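Summary of the model geometry
Chain by chain, the residues:
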Amino acid sequence: RHTAFSEIYGGLRGVINGIGYDFHAGYVMTNNIPLFLNDSTANFLRFTPIYDSLNIINFKASVDFKMIKHLTVLAALGYNIYSGGSQARPYHLPLFESNFSLLYEINGLELKAELFANAGVANVNAFTGEDEMLNGLFDLNFGLAYWTGQGKPKKGRRASKKENTGSFGFFLDVNNVLNNKYQ
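Since the model is a prediction, treat every value here as computed from it, not as a measurement.

Of the volumes computed, that of the second largest pocket is approximately 220 Å³. Put simply, the parts of the chain that give the lining of the second largest pocket at least two residues each are strand 1 (4-16), strand 5 (55-68) and strand 6 (71-83). Looking at which element gives the most residues to the lining of the second largest pocket, the answer is strand 5, with three residues. In the lining of the second largest pocket, the residues fall into seven nonpolar, two polar and three charged.

See below:
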């Protein structure tokens, strides 16, 4: 199933003294959003998706800056408030989300390290059937990319068709380096 959603949001975005910022708040209406419940009826644990309709109020903030000439630091935080739906809680959807990234760029080469952390994730214990909150979820990722031609294509409103021609890239991403189990 596809999750249908409508989002209304607004905020403030800009750059002050070389520090980029983006603060926004939003309201999201979802239909068929998957919530995941532990299922212990088989000989092994697995998740069973339950599709629900939720309303989400979210607040997000991010800042980025060049620490040194080729090194960019990014920090992003988000908080979600869930309402509606037929389930007691928004199972396996985080209340708090964060992302911290380092990106080193030189001569078309990009090296990145990302740390993701989520908290406030509701779960149904597969053995007791009781609601519980999972410990914080952490994920560490590394990446390498190389761009040829005119370099990395620009994204968003600042990009023009002329600027995004003649670029080609290779990449390698290594995700979940900490081998975390999200359950």
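Taken together, the nine bridges between strand 6 and strand 7 (residues 96-106) define a ladder with antiparallel strand orientation. Following the sheet pairing, Leu77 is matched in strand 7 by Ser98. In this sheet, strand 8 (residues 109-119) lies alongside strand 7 in antiparallel orientation, the contact comprising eleven bridges. By the bridge assignment, Tyr104 is partnered in strand 8 with Leu111. Following strand 7, the chain reverses through two residues before pairing antiparallel with strand 8; Asn107 in that reversal takes a positive phi of roughly 50 degrees.

Bringing the side chain of Asp22 into the picture now. Note that Asp22 resides in strand 2 (residues 19-31). Residues within four places of Asp22 in sequence aside, it is in contact with Leu12, Arg13, Lys60, Ala61 and Ser62.

Turning to the side chain of Asn123, a few remarks are in order. Residue position: Asn123 is located in strand 9 (residues 122-124). With a relative accessible area of 2%, Asn123 lands in the buried category. Separated by 3.0 Å, the side chains of Asn123 and Asn38 make a polar contact. A polar contact is formed between the side chain of Asn123 and the side chain of His92, at a distance of 3.0 Å.

Turning our eyes to something else, we now look at the environment of Ser53. For Ser53, the position within the fold is in the loop between strand 4 (46-52) and strand 5. In this structure the C-alpha to C-alpha distance between Ser53 and Ile33, which are 20 residues apart in sequence, comes to 6.2 Å. The residues touching Ser53, leaving out its near neighbours within four places in the chain, are Thr30, Asn31, Asn32, Gly84 and Gly85. Among the polar contacts listed, one links the side chain of Ser53 to the side chain of Asn31, at a separation of 2.8 Å.

Attention shifts here to the pattern of salt bridges. A complete count under the given rule lists two salt bridges for this structure. Across the salt bridge formed by Asp22 and Arg13, the nearest N and O atoms sit 3.5 Å from each other. The residue Asp173 makes a salt bridge to Lys112 at a minimum N-O spacing of 3.7 Å. Taken together, the positions of Asp173 in strand 12 (residues 167-174) and Lys112 in strand 8 put the pair 61 residues apart, joining distant regions of the chain. Given the relative accessible area of 29%, Lys112 is considered partly exposed.

Cut-off values and rules
- Residues numbered from 1 in each chain as written.
- Predicted model: local features only at pLDDT ≥ 70, side-chain atom pairs only at ≥ 80, totals over all residues.
- Heavy atoms only, no water.
- 1 Å grid on protein atoms, 1.4 Å probe; cavity = no way out; pocket = protein on both sides within 12 Å on 5 of 7 lines; lining within 4 Å.
- Points joined across faces, edges and corners; volume = space filled by probe spheres on them.
- Helix = DSSP H or I, 4+ residues; strand = E, 2+ residues; numbered from the N terminus.
- Nonpolar A, V, L, I, M, F, W, Y, C, P; charged D, E, K, R; others polar.
- Pairing = 2+ DSSP bridges.
- Contact = heavy atoms within 4.5 Å.
- Buried < 20%, exposed > 50% of the residue type's maximum accessible area, 1.4 Å probe, protein only.
- Polar contact = N/O pair within 3.5 Å; in protein donor to acceptor, adjacent residues only side chain to side chain.
- Salt bridge = Lys/Arg side-chain N within 4 Å of Asp/Glu carboxyl O.

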